[in-house]
Each structure stands twice: as structure tokens, then as C-alpha cells.
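Structural features, examined
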Amino acid sequence: MALRTGKDYKESINDGREVYIDGERVYNITEHPAFKPIIDVKARMYDINHEEKYKEICTVTLPDGDVINRGYHMPKSKEDLAAIRKYVDTVLEDLGGVFYRVGDETIGEMWSLYDAQDRLNEIDPTYAENIRNHIDRIARLDLFHVSANTDPKGDRSKLINGEDGGTLLHIVDENEKGIVVRGAKFETAAAYANQAFVKPTISNWSNSSVNMENYAVGFICDMGAPGLKHICRSPVGAGKDPENYPISSKFEEIDTLLIFDDVLIPWENVLFHRSLESAKYIRETVHRYSAFNYVLRILKRADYLIGVALLNVEQTGLTKIPSVQEKLTELISYRETINAHLTAAVAEAQETAGGLMMPNQSLLYTGRIYALKHFPAMAHLARELVGGQLAVTPDMATMRDPKIKDHIDRYYSVGKWSAEERAKLLYFARDLLNSSLAGHQITFELFAQSPPFAQSAAAFKNYDLTPHRELVIKAANLSSDLVKS
């Protein structure tokens, strides 16, 4: 087995899968304008692993000599977690932008199941074996692995009680070959991925008054499986001129409604089924690793906010103004607070029952809440620093028109900054802050790893309140019996 090239990856997804977008069926996904830009980015990620300057950062050699992607290497030490962080930074900096479905974050959900092997063995030993096999298979075959989480919402009161089997993914049959599932899921990048870890989301797993067993299922599904349909949202970046929209034209990830129309899932791909305990466990722990990589993306977005704001105020000589310094410091403080949470999550990492090194959950989840809550305000602050020309600058073709170029040069050039260089910076800032993709990403980030209330619940459940309680009991001389009651 060997690391894939970008060519290998592209060939693997042109498998006849059933993909629909903008009223048409897609027959060659690697060349379709809605998908080609992000597929090319993903292909570049595969090619990076073969370049000498990236080899040490982006790959790991296993004890048996196989070389795998660093992002797929299970962390067993704090050094491993730090190496994954360096890998993500290196890849995103090479690509020149931020996107989420890299693969390193979705494999983390499989690691969460790996940590539950002992519990799963009590239910069915096959589950743990399948999990180990798939984690190893993903790494050794260098697959693009994503995660299908979100259910179509519909009437949530019915969904939560398992009454709407028409939309909530569920088991309709099982035979000697495997289980047959029906329903739907949303997932980013599914249309151009190799496989997805499909798992339950909306359900009341503690409600014993309704039969939830058929909905409590988790499995690996090939994205070209018979009966699976990909219904994709319209792109907001397709067809954009790369000069005028350097981010939208390259980094838009397409979201997919996956329709499971009686799809057969082979037994070797079933990670749990008809298991309420497993379903409840995965919902409580699914982001214990993947949130780390997710917050790393927001940190990189914060880096871009600082960069575009700084370059714009530097070119116009505003960096000496105290109010401008104050706003830049606010952006820096935002960035460094996220950085501190991630750094501390590694420094205070915890060993799991499965033998892995897990980022400190309290520091990780509170960092995620902080990063998401404050990003819109920081983006607005960056807009203030970039200024109104963000909204009024003409496109590059107009800037270069020889009939008006003298006027453009006169009114757009500032010091060493030519009109064209200033325009390029403004286009990047506009795409980062004001474009359709920029708005889409803010909404995506808010809900991509569960809605805000669920993220708050995760932070609450993973924070140890005991020391605070005991501190006040002692200081206020309270009766321990009173508190226990």
C-alpha cells in the first residue's frame, strides 16, 4: 500500500456515483465546474505528501514500513497531537486558504469509537474489530473519509421521538450480507469523498417509551454505493474569476443531501446497529478529537483577518494611530485566545481508556465556543480597518483597461503599492469578509459541529466543577452533609 497521488484520488471518485446539482446529473465530477476547484485543492493535498520538503511534516512511517498521512495517525502522545497541528498549518499555508473537509478532522470521530472498544465489546465484539479495521484501512489506503451527521430537520418533535421514519435514517432490513438502510443525511464534501462515517444525530436515546433501536445505527458507506444519491446545493463560488475572487473560486466545499434509498451496508462496514448505548455514546464523544482540527481552521481564519487588516492600514499609514492599534490588538487578542486554548489542550491532554492521547476536553470545547462566538465581531472589526474601498473597488479587467488605466493608477496607487497590488489585496479581503462564501462559512461554522446549545452542553459536561464546590464549602464552613443532600 502507498500514499495516493492527486491523480489516484481523482480516478477513485469517478466511479459512476449518482450526483445531482443545479437541475442536472453529473457524470464526470472531477471536471464539473461546481466541483473541480475543490477537487483540485484536495488533489494538491495528496501530492504534497510526495514532496521532499513536506515529507517529514505530512507523513508518518508505521512500524511495518507503510507510510501514511500524518492526519490519519492516531495520537498516542502529546507530540503526536502537536505534529497533527503542524501538519494542518503546513497544508493550509501551502494551499493559501481555509477549508474544513481535509480528512484529518473526520477521522477523529472514528478515534472516538476506538476509545469505546471495551464498552462496544460488551455489546458485540464484532463492532470493535470493525472499528479497528476501518481506522487502519482509511490510513493505509489513504482514503478521503468524511462524516455524515446531520438529519433533515422536518418536525423535530417527531424526529426526537423516532416517529418520522421517512426522513430519519434507519434500518429497514438485515440479511446475511448486511443491513439495509433508508433515510437521509447532510454532509459536506460527500459527493467527492471516498466514504463517510454515517451516524445518528437527532434522537432521544433515553426515551424508553418509543422504539428507537432501528435508528441507533452507525456504519461506513462507500459514496458510490448503489442506491445512494447525492443532491447538492448550488455553489456560490463556481465560475468566479480567480483574480477577483481568490477564495471563492478555489475553496468552496459543496454540501450534499445524501439519500439512502435502501442502501445495503455490508456487515464488515457496520460499526454498531440497534444499539441505543452506542448511539448515545457517539453523540456525547463524537468531537473529542475532531474539534481540535476544527478550531485550528478558525485560528487560521483569524490569521487572515489580522493579515488583511494590517496590510490595509500599513499601506495608508494608519498604524501609528492609537485607535487603529487598539483594533488590531483586539484582533490579535482574539487570535491568541484561540491559540492559547489549542496549545493548552495539548499541554493538558488526557490519556484515554483506548490508549490514545485526547486533547483536554474542557479547554478544547470552551475554545471552540469562544472562537465561534466572536468571529463575526472580529470580521466586522477587520472590515472597519480595511475601509470602504472594500465595497467600491472595480474588478481587475476594469483596473487594467488601457483607456482608463492612467486614472486608476493615479487614484489607487499609494506609495510602493501599485493600483493592481492594492486591488489584489482588496479582492482577497472582500472574499474573506463580504462575499457569498464568507457569509456561508460563518453559518456553516456555527452549526458544523452541532448547534451552539449542544456545544455549550459539551463544555459544561466536560468541566470538573468539583474543585470550585469544595473550595467554597471549605471557605464558607458549610456542612458537607448539606451539600451532598
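A few points on the structure. (Residues numbered from 1 in each chain as written. Predicted model: local features only at pLDDT ≥ 70, side-chain atom pairs only at ≥ 80, totals over all residues. Heavy atoms only, no water.)

This next bit is on the sheet that holds strand S10 (residues 228-232). The sheet built from 6 strands is open, its strands ordered S2-S1-S10-S11-S7-S6 with mixed pairing. Each end of this open sheet is capped by a strand with a single partner; those strands are strand S2 (24-26) and strand S6 (170-174). For this sheet, the mean inter-axis angle between neighbouring strands, taken without regard to orientation, is 20 degrees. Alignment of strand S1 (residues 18-21) against S10, held across 3 bridges, turns out to be parallel. When the sheet's bridge partners are listed, Glu18 is paired in S10 with Lys229. (Pairing = 2+ DSSP bridges. Helix = DSSP H or I, 4+ residues; strand = E, 2+ residues; numbered from the N terminus. Axes fitted to C-alpha atoms, helices over the stretch in contact; angles between N-to-C directions.)

On the basis of which strands lie adjacent, the open sheet formed by 4 strands has the order S5-S8-S9-S12 and mixed pairing. The open sheet has two edge strands, strand S5 (145-148) and strand S12 (270-273), and neither has a second partner. On average, adjacent strands in this sheet sit at an angle of 25 degrees to one another, irrespective of strand direction. When strand S8 (residues 195-198) meets strand S9 (residues 217-222), the two strands line up antiparallel, connected through 4 bridges. Directly across from Val198, in S9, lies its bridge partner Phe219. The sheet contacts of helix H7 (residues 125-141) involve S5, S8, S9 and S12, and relative to S12 the element is tilted by about 145 degrees. (Contact = heavy atoms within 4.5 Å.)

Quick look at the pattern of salt bridges now. In this structure the tally under the stated criterion is 30 salt bridges. In this structure, Glu187 engages Arg101 in a salt bridge whose closest nitrogen and oxygen atoms are separated by 2.8 Å. Note that Glu187 is positioned in strand S7 (residues 178-188) and Arg101 in the loop between helix H4 (78-95) and helix H5 (107-114), a separation of 86 residues in sequence. Take Glu187 and Arg101: they sit in the same class, and that class is buried. With a shortest N-O distance of 2.7 Å, Asp303 and Arg335 are connected by a salt bridge. Highlighted residues: Asp303 in helix H11 (residues 290-315) and Arg335 in helix H12 (residues 322-347), separated in sequence by 32 residues. (Salt bridge = Lys/Arg side-chain N within 4 Å of Asp/Glu carboxyl O. Buried < 20%, exposed > 50% of the residue type's maximum accessible area, 1.4 Å probe, protein only.)

What follows deals with the side chain of Ser147. Relative to the assigned elements, Ser147 resides in strand S5. Taking relative accessible area as the criterion, Ser147 reaches 1% and is therefore assigned buried. In this structure the side chain of Ser147 is engaged in a polar contact, spanning 2.5 Å, whose partner is the side chain of Lys199. Not counting residues up to four positions away in its chain, the partners in contact with Ser147 are Arg101, Thr106, Glu109, Glu187, Ala196, Phe197 and Lys199. (Polar contact = N/O pair within 3.5 Å; in protein donor to acceptor, adjacent residues only side chain to side chain.)

Turning to the packing of helix H2 (residues 36-48) against H4, a few remarks are in order. H4 packs onto H2 with a crossing angle of 125 degrees between their chain directions and a minimal axis gap of 11 Å. It follows from the interaxial angle that H2 and H4 lie oblique. Crossing hand, H2 versus H4: right-handed. Residues Val41, Arg44, Met45 and Ile48 of H2 form the contact with H4, whose participating residues are Tyr87, Val91, Asp94 and Leu95. Across the contact of H2 with H4, the residue classes tally to 6 nonpolar, no polar and 2 charged. (Parallel < 35°, antiparallel > 145°, perpendicular 65-115°, else oblique. Left-handed = near helix turned anticlockwise from the far one by under 90°. Nonpolar A, V, L, I, M, F, W, Y, C, P; charged D, E, K, R; others polar.)

These figures come from the coordinates and say nothing about function on their own.
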